[in-house]
Amino acid sequence: MPIDYLAAAEKYRPAVIKTLLVGEAPPPKGKTYFYVPSAASRLHIPIDQDTSLPSTIFHHYFQQRPCDIDEYHKFLVRLQDMGVFLVDLHDENIRVRKNDEGLQRIIESIPLLRQKLLDREIKVGEKDITFLLARNSYRSKIRREFPDSKLIRWKDFRLTVAGGTPMGENDAR
């Protein structure tokens, strides 16, 4: 059964969003999603090499990755309590890496994001939006549409503790 991305995310939507994280799109295979807790499978990988979105976000905020489905759920609830919410530029799962068509769909979604947020009644100041960049190829397009928002590479976000403190030698700046 396909994942209902919107319904899954809404379960963990904060009453007041203080930080809106923006990713590209749900994973290409359509079998996983950030807001669907899953068992840890990458804990053996050093954090600076773990490129998964859950590891990126959870390590940034909690300096750890969930070890099982229950802990994953608890982390999502903690993010909700903190007012942190994630949306995607594109709502459907697509492959972007090494796929020009998928990349183009992401780029075309950038100017549509404001309306999508309005439609979902997501109210957040532009300065409270952080774009998590899996790649830099569309950075200027985001900057043009959202000049006051933050843009940060996934790895840099993952290796920086919430509040801006680098994690040490592994910081990729």
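Report follows, based on the coordinates. Given the structure is predicted, the values throughout are model-derived calculations rather than measurements.

A few words now on unusual backbone geometry. The phi angle at Gln 63 is positive, at roughly 55°, despite the residue not being glycine. Gln 63 gets classed as partly exposed once you look at its relative accessible area, which sits at 35%. Positive phi is not limited to glycine here, since Glu 121 has a value of about 55°. Following the sequence through the fold, Glu 121 ends up in the loop between helix H5 (113-119) and strand S3 (129-133). Under the relative-accessibility criterion, Glu 121 is labelled exposed at 58%.

Below, the discussion takes up the packing of helix H2 (residues 53-62) against helix H3 (residues 69-82). For the pair H2 and H3, interaxial distance at closest approach is 11 Å and the crossing angle is 60°. Here H2 lies oblique to H3, going by the angle between them. Relative to H3, H2 is oriented so that their crossing is left-handed. Along the contact surface, H2 presents Pro 54, Ile 57, Phe 58, Tyr 61 and Phe 62, while H3 presents Tyr 72, Phe 75, Leu 76, Arg 78, Leu 79 and Met 82. Among the residues making up the contact of H2 with H3, the classes are represented as 10 nonpolar, no polar and one charged.

About the criteria used
- Residues numbered from 1 in each chain as written.
- Predicted model: local features only at pLDDT ≥ 70, side-chain atom pairs only at ≥ 80, totals over all residues.
- Heavy atoms only, no water.
- Buried < 20%, exposed > 50% of the residue type's maximum accessible area, 1.4 Å probe, protein only.
- Helix = DSSP H or I, 4+ residues; strand = E, 2+ residues; numbered from the N terminus.
- Axes fitted to C-alpha atoms, helices over the stretch in contact; angles between N-to-C directions.
- Parallel < 35°, antiparallel > 145°, perpendicular 65-115°, else oblique.
- Left-handed = near helix turned anticlockwise from the far one by under 90°.
- Contact = heavy atoms within 4.5 Å.
- Nonpolar A, V, L, I, M, F, W, Y, C, P; charged D, E, K, R; others polar.

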